[in-house]
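Letter by letter, the chains look like this.
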Amino acid sequence: MIKDIVSFLRKISPFLAVIILWRLQLNFWNPAGILAIIPIFYYSFVRPIPYFSLMSILFCFLIDYTGGTVLFWTTMYFIAYAVNGFQYFIDLQRTDKNAIVPFIIFFGLSLFILMIINISWIMLWRCICLFIWVSVIYIPVINLLKRVHRDD
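Residues numbered from 1 in each chain as written. Predicted model: local features only at pLDDT ≥ 70, side-chain atom pairs only at ≥ 80, totals over all residues. Heavy atoms only, no water.

Chemist: Go over helix H5 (residues 100-117) with me, naming the residues and quoting the values.
Modeler: The α-helix advances 3.6 residues per turn, and as a result positions three or four apart in sequence lie on the same side. With 18 residues, H5 should reach 26 Å at 1.5 Å per residue; the first-to-last C-alpha distance of 25 Å fits that figure. Of the residues making up H5, those classed as buried are Ile100, Phe103, Phe106, Phe107, Gly108, Ser110, Leu111, Leu114 and Met115. Buried-residue contacts for H5 involve helix H2 (37-46), helix H4 (72-84) and helix H6 (121-148). (Helix = DSSP H or I, 4+ residues; strand = E, 2+ residues; numbered from the N terminus. Expected span 1.5 Å × (residues − 1). Buried < 20%, exposed > 50% of the residue type's maximum accessible area, 1.4 Å probe, protein only. Contact = heavy atoms within 4.5 Å.)

Next comes the structure, spelled out in structure tokens:
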């Protein structure tokens, strides 16, 4: 009985992580729940889970809705999903270091596009701070999720 509950919680932990990280919105540390991009990226592209793409699309849309970016993160997710389809050139499932370099490229390029769209010194500063913060927090979040989520 207890083993079944623990097994169930381990299997749904990526889904719970996205919900929790999106819900913990703070203006500076987690604007619009952007930290939810970390498990969305990891469990959509690096270690794909069945049916996680549907939740990823929903939460990218919710990040867009709360952040005031009209379908920006959803579009970036679709572009990354299409690029990930080229498994001959890019194989994220076999990358080392939890695929931090592809994540930094994805997130950095997204923030750069967002900064170009709304160019100002304040936006430049916010994008730099957000890029550094999310890049630094990526590894601890992924390591925690890998410890919790195990397919039994």
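There is more to say, and it comes next.
Chemist: Tell me about the side chain of aspartate 64, residues and numbers included.
Modeler: Considering the arrangement of structural elements, one finds aspartate 64 in helix H3 (residues 52-67). Buried charged residue aspartate 64 carries no salt bridge. Nearest counter-charge: arginine 126, at 13 Å. Reaching out from aspartate 64, the side chain makes a polar contact with the side chain of threonine 74 at a distance of 2.7 Å. With sequence-adjacent residues up to four places away left out, aspartate 64 is seen in contact with Thr69, Leu71, Phe72, Trp73 and Thr74. (Lys, Arg positive; Asp, Glu negative; His and termini not counted. Salt bridge = Lys/Arg side-chain N within 4 Å of Asp/Glu carboxyl O. Polar contact = N/O pair within 3.5 Å; in protein donor to acceptor, adjacent residues only side chain to side chain.)

Chemist: Tell me about the layout of surface pockets, and name the residues and values.
Modeler: The space that makes up the largest pocket amounts to roughly 390 Å³. Elements that contribute at least two residues to the lining of the largest pocket include exactly H3, H5 and H6. The element that contributes the greatest number of residues to the lining of the largest pocket is H6, accounting for seven residues. For the lining of the largest pocket, a count of residues per class yields 15 nonpolar, five polar and one charged. (1 Å grid on protein atoms, 1.4 Å probe; cavity = no way out; pocket = protein on both sides within 12 Å on 5 of 7 lines; lining within 4 Å. Points joined across faces, edges and corners; volume = space filled by probe spheres on them. Nonpolar A, V, L, I, M, F, W, Y, C, P; charged D, E, K, R; others polar.)

Chemist: Residues and numbers for the packing of aromatic side chains, please.
Modeler: For the structure on display, the rule yields 16 aromatic pairs. Between the aromatic rings of phenylalanine 72 and tryptophan 73, the centroid separation amounts to 5.3 Å while the plane-to-plane angle is 80°, which identifies the pairing as edge-to-face. A relative accessible area of 10% places phenylalanine 72 in the buried class. Ring centres of tryptophan 73 and phenylalanine 107 lie 5.6 Å apart, and the angle between their planes is 20°; this geometry places the pair in the stacked category. Of this pair, tryptophan 73 sits in helix H4 while phenylalanine 107 is found in helix H5, placing the two residues 34 residues apart along the sequence. As far as the burial class goes, tryptophan 73 and phenylalanine 107 line up, both buried. Cluster of aromatic residues (ring-pair linked, three or more members): Phe41, Phe45, Phe72, Trp73, Tyr77, Phe78, Tyr81, Phe103, Phe106, Phe107 and Tyr138. (Phe/Tyr/Trp six-rings, centres within 6.5 Å; stacked < 30°, edge-to-face > 60°.)

Chemist: Run through the nonpolar core, naming residues and quoting values.
Modeler: Core analysis: the largest hydrophobic core is formed by 45 residues, its most contacted members being Ile37, Ile38, Phe103, Phe107 and Tyr138. Contributions of two or more residues to this core are made by helix H1 (2-23), H2, H3, H4, H5 and H6. At nine residues, the largest contribution of residues to this core is made by H6. If we skip the residues at most four places from it in the chain, phenylalanine 107 touches Ile34, Ile37, Trp73, Leu130, Phe131 and Val134. (Core = buried A, V, L, I, M, F, W, Y, C linked by side-chain atoms within 4.5 Å.)

Chemist: Go over the packing of H1 against H3 with me, naming the residues and quoting the values.
Modeler: Where H1 meets H3, the closest approach of the two axes is 11 Å, and the angle between their N-to-C directions is 0°. One element, H1, and the other, H3, form an angle in the roughly parallel class. When H1 is examined against H3, the residues Pro14, Phe15, Val18, Ile19 and Trp22 are found in contact with a partner set consisting of Phe52, Met55, Phe59, Leu62, Ile63 and Thr66. Class assignment for the residues of the contact of H1 with H3 results in 10 nonpolar, one polar and no charged. (Axes fitted to C-alpha atoms, helices over the stretch in contact; angles between N-to-C directions. Parallel < 35°, antiparallel > 145°, perpendicular 65-115°, else oblique.)

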